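For reference, the chains in residue letters:
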Amino acid sequence: MSLKCLLLFQLILLSWTHNQGKSVKLSKKQAHHKHHKSQKFLDSIMDVNEDSIELLLQKHENFYLAEMTVGQPEQKLTVLIDTGSPNLLLTSSLCQQNSCIQHGSYNPSLSTTSYYIEAIKLANGEVGNEIDIQFASGSVVGVFFEDRVCLNQYCVNNQFIVGIVEQTEDIFSQMKFDGILGLGRIKEAVVKNASYIHNLEYDTDTRNFSLYLSNRDDDDMSSELVLGGISQHLIAPGEEFKFFDVTSDNLWTVNIKAVFLGDERIDDCNNCQGLIDSGTSFISFPVYAMEKFYQKFGVYQLCSNIDSFPDLTFILDRGIKFTLTGSQYFKRNTHALFSKDICIPYIKNNPIIGDELIVLGQPFLIHHYVWFDEDQSKIGIVKSKQQSHQS
């Protein structure tokens, strides 16, 4: 079991035929923006590509979601966009637990294009007809199908699906969506050719994409997933992408040389790995780093002091810095026991991740636009344009 499988769902659980020059509407507004595609990595050059596919994502609480259809006739489901896993994982009608029934589910018996896979060679070399995935706060058991999967009119036939047949009740009953569309690295997939990004390559000649997460729900700054390119208008004025080597064959990780809270260094490793994970609602540090954080702040602060909070700075390769202000890594929360608002950090400790992994979840992604390049094994990061209110 990979490290990602242990991380995924501690906080939340939970392709299509390319049509040139068209956008996909998944939320309130159809978008028509010029996109750029990375042809060469000379650390700043991105060439124009008018054939990219843009998806506007829905924001629900801390989840970034897309609507998809599965099978024929079509079954509508809502999936979480997750850069930390590569598989399409759906609640299935074969699961009769309360935590499954209260969600939308994929019913293979109602689809004329569904195919049940009785046995398949898994990525670990074993042959099996189901998979048991253990998470920090629970587990799921899934079986395997292939079926037609579409986001709007863009479809992939025979997409590999992990259909959930059993899951931990108390954890997964709280989730607000029906499955996960994994956009993680291809080698981490359950089986060869299971990754949505891998299947996308055959239709768009690319396995690359960019992701922008907005912290607001209006039409002007919707969250976007762009397949095969970027949306230039989402980049903060005067900023340019900085590109970094992906350090893992299995995960979207980059080297983190140091982490500072104000002037104090809070990491103890010379070469930490930063996992870019849109499926995690927090930034997760090893336990020792969180001890230093809590020594500074405790478990909450009064929001009236937020302007005095020190910056949280991540130093990557070549000394390139990415910084979050106090208002960007704290969440405002009204508590019945206090007459004033309190601010709670968007930061958690996670003893399972070890001493050298830092999970850069949504608080980081909300303020940075990220390019994921499977072909060149690169990640591009740039400060994003956020016309934000503080949440």
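Everything numeric here is computed off the predicted structure, so don't read it as measured data.

**Brief notes about the pattern of salt bridges**
Line of reasoning, step 1. All chains considered together, the criterion is met by 5 salt bridges.
Line of reasoning, step 2. Taking the shortest distance from any N to any O, the salt bridge between Lys378 and Asp245 comes out at 2.7 Å. Of this pair, Lys378 sits in strand S30 (residues 378–383) while Asp245 sits in strand S17 (residues 242–245), and the two are 133 residues apart along the sequence.
Line of reasoning, step 3. Across the pair Lys292 and Asp268 runs a salt bridge whose closest N-O atoms are separated by 3.1 Å.

**Description of the nonpolar core**
Line of reasoning, step 1. In terms of nonpolar packing, the biggest core is built from 67 residues, with Met68, Phe285, Leu312, Phe314 and Tyr329 touching the most fellow members.
Line of reasoning, step 2. Per-element accounting of this core gives the leading share, 5 residues, to helix H5 (residues 287–297).
Line of reasoning, step 3. If we ignore the near neighbours within four places in the chain, the residues touching Tyr329 are Leu261, Phe293, Phe297, Phe309, Pro310, Asp311, Leu312, Leu324, Ile344, Pro345, Tyr346 and Ile347.
Line of reasoning, step 4. Of all hydrophobic cores here, the second largest spans 21 residues; its members include Ile117, Leu122, Ile180 and Ala194.

**Observations regarding the sheet that holds strand S26 (residues 342–345)**
Line of reasoning, step 1. Pairing is antiparallel in the open sheet, where 3 strands are placed in the order S22-S26-S25. Of all the strands in the sheet, the pair left with one neighbour each is strand S22 (301–302) and strand S25 (330–333).
Line of reasoning, step 2. Bridge count for S22 against S26 is 2 bridges, and the pairing is antiparallel. From the neighbouring strand, Leu302 faces S26, where its bridge partner is Ile342.

**Some details on a nonpolar patch on the surface**
Line of reasoning, step 1. Taken together, Tyr294, Val299, Tyr300 and Ile344 make up a surface patch of nonpolar side chains, about 330 Å² in accessible area.
Line of reasoning, step 2. If you trace the backbone, Tyr294 turns up in helix H5.

**Regarding H5**
Line of reasoning, step 1. For H5, the complete set of buried residues consists of Tyr288, Ala289, Met290, Phe293 and Phe297.
Line of reasoning, step 2. Taken from the residues just after H5, Gly298 is the one with a positive phi, measuring 75 degrees.

**Some words on the pairing of strand S18 (residues 253–261)**
Successive side chains on a regular strand alternate, one facing one side of the sheet and the next facing the other.
Line of reasoning, step 1. Counting buried residues along S18, 7 of its 9 residues qualify, which places the element largely inside the surrounding structure.
Line of reasoning, step 2. Of the pairings in the sheet, the one linking S18 to strand S20 (residues 272–276) comprises 4 bridges and is antiparallel in character. Across the sheet, residue Ile256 finds its bridge partner in S20, namely Cys272.
Line of reasoning, step 3. Of the pairings in the sheet, the one linking S18 to strand S23 (residues 312–316) comprises 5 bridges and is antiparallel in character. The partner of Leu261 across the bridge, within S23, is Leu312.
Line of reasoning, step 4. Relative to strand S19 (residues 264–265), S18 runs antiparallel, the two sharing 2 bridges. Across the sheet, Leu261 pairs through a bridge with Glu264, a residue of S19.

**Comments concerning the state of the cysteines**
Line of reasoning, step 1. Evaluation of the coordinates by the stated rule reveals 3 disulfides.
Line of reasoning, step 2. Through a disulfide, Cys95 is tied to Cys100; the S-S separation comes to 2.0 Å. Judged by the torsion about the S-S bond (70 degrees), the Cys95/Cys100 disulfide is right-handed. Each member of the pair Cys95 and Cys100 is classed as buried.
Line of reasoning, step 3. Between the sulfur of Cys150 and that of Cys155 lies a disulfide, 2.0 Å long from S to S. The S-S bond linking Cys150 to Cys155 shows a torsion near 110 degrees; that makes this disulfide right-handed. With respect to burial, Cys150 and Cys155 carry one shared label: buried.

**Let's talk about the side chain of Asn87**
Line of reasoning, step 1. Relative to the elements of secondary structure, Asn87 occurs in the loop between strand S5 (75–82) and strand S6 (88–91).
Line of reasoning, step 2. Sequence-distant contacts of Asn87, that is, excluding residues within four places in its chain, are made with Ile180, Leu181, Gly182, Glu188, Ala189, Val190 and Ala194.

**A few points about the pairing of S23**
Line of reasoning, step 1. Within S23, 5 of the 5 residues are buried, which leaves the element mostly enclosed by the surrounding structure.
Line of reasoning, step 2. Taking every second residue as pointing to the same face, both faces of S23 are buried, with Leu312, Phe314 and Leu316 on one and Thr313 and Ile315 on the other.
Line of reasoning, step 3. What sits between S23 and strand S24 (residues 321–324) in their antiparallel hairpin is a turn of 4 residues, with Arg318 showing a positive phi close to 65 degrees.

**Considering the confidence of the model for the protein**
Line of reasoning, step 1. Summary statistics for the protein give a mean pLDDT of 78 and a share of 77% for residues scoring 70 or more.
Line of reasoning, step 2. Contacts for the low-pLDDT stretch residues 1–48, under 50 throughout, to residues beyond four places or in other chains number 183 contacts.
Line of reasoning, step 3. Below a pLDDT of 50 lies the segment residues 387–391, which in the model reaches 10 contacts outside its immediate sequence neighbourhood of four places, other chains included.

**Focus on unusual backbone geometry**
Leave glycine aside and you will find that most residues have negative phi; peptide bonds, for their part, are mostly trans.
Line of reasoning, step 1. Of note, the amide linkage connecting Gln72 to Pro73 takes the cis form, showing an omega dihedral of -5 degrees.
Line of reasoning, step 2. For Asn158, which is not glycine, the phi dihedral falls at a positive 60 degrees.
Line of reasoning, step 3. Checked against the element boundaries, Asn158 lands in strand S12 (residues 154–167).
Line of reasoning, step 4. Look at Asn158 and you get exposed, because its relative accessible area is 53%.
Line of reasoning, step 5. Positive phi is not limited to glycine here, since Arg318 has a value of about 65 degrees.
Line of reasoning, step 6. Among the secondary structure elements, Arg318 is positioned in the loop between S23 and S24.

Conventions and cut-offs
- Along each chain, the written sequence defines residue order, and numbers are assigned to residues from 1.
- The predicted origin of the model limits local features to residues at a pLDDT of at least 70 and limits the giving and counting of side-chain atom pairs to 80 or more, whereas totals for whole chains, interfaces and linings rest on all residues.
- The basis for every side-chain value is the complete set of non-hydrogen atoms in the structure, without hydrogens or water.
- The term salt bridge refers to a side-chain nitrogen of Lys or Arg lying within 4 Å of a carboxyl oxygen of Asp or Glu.
- In this description a helix means any DSSP run of H or I spanning at least four residues, a strand means any run of E spanning at least two, and both kinds are numbered starting from the N terminus.
- We define the nonpolar core as a collection of buried residues of types Ala, Val, Leu, Ile, Met, Phe, Trp, Tyr and Cys that are connected through side-chain atoms lying within 4.5 Å of one another.
- A 1.4 Å probe rolled over the protein chains alone gives each residue an accessible area, and that area as a share of the maximum for its type sets the label: buried under 20%, exposed over 50%, partly exposed in between.
- By definition in these notes, contact holds between two residues if any of their heavy atoms fall within 4.5 Å.
- Only when DSSP finds a minimum of two bridges between them are two strands counted as paired.
- Patches draw on residues past 30% relative accessible area with no salt bridge. Two like charges within 9 Å are joined, as are two nonpolar side chains (Val, Leu, Ile, Met, Phe, Trp, Tyr) within 5 Å.
- In short, Shrake-Rupley with a 1.4 Å probe defines the accessible areas, and a residue's cover is counted only from the protein chains shown.
- Defined by distance alone, a disulfide is two cysteine sulfur atoms within 2.5 Å.
- Per residue, pLDDT captures the predictor's confidence, and it can take any value from 0 to 100.

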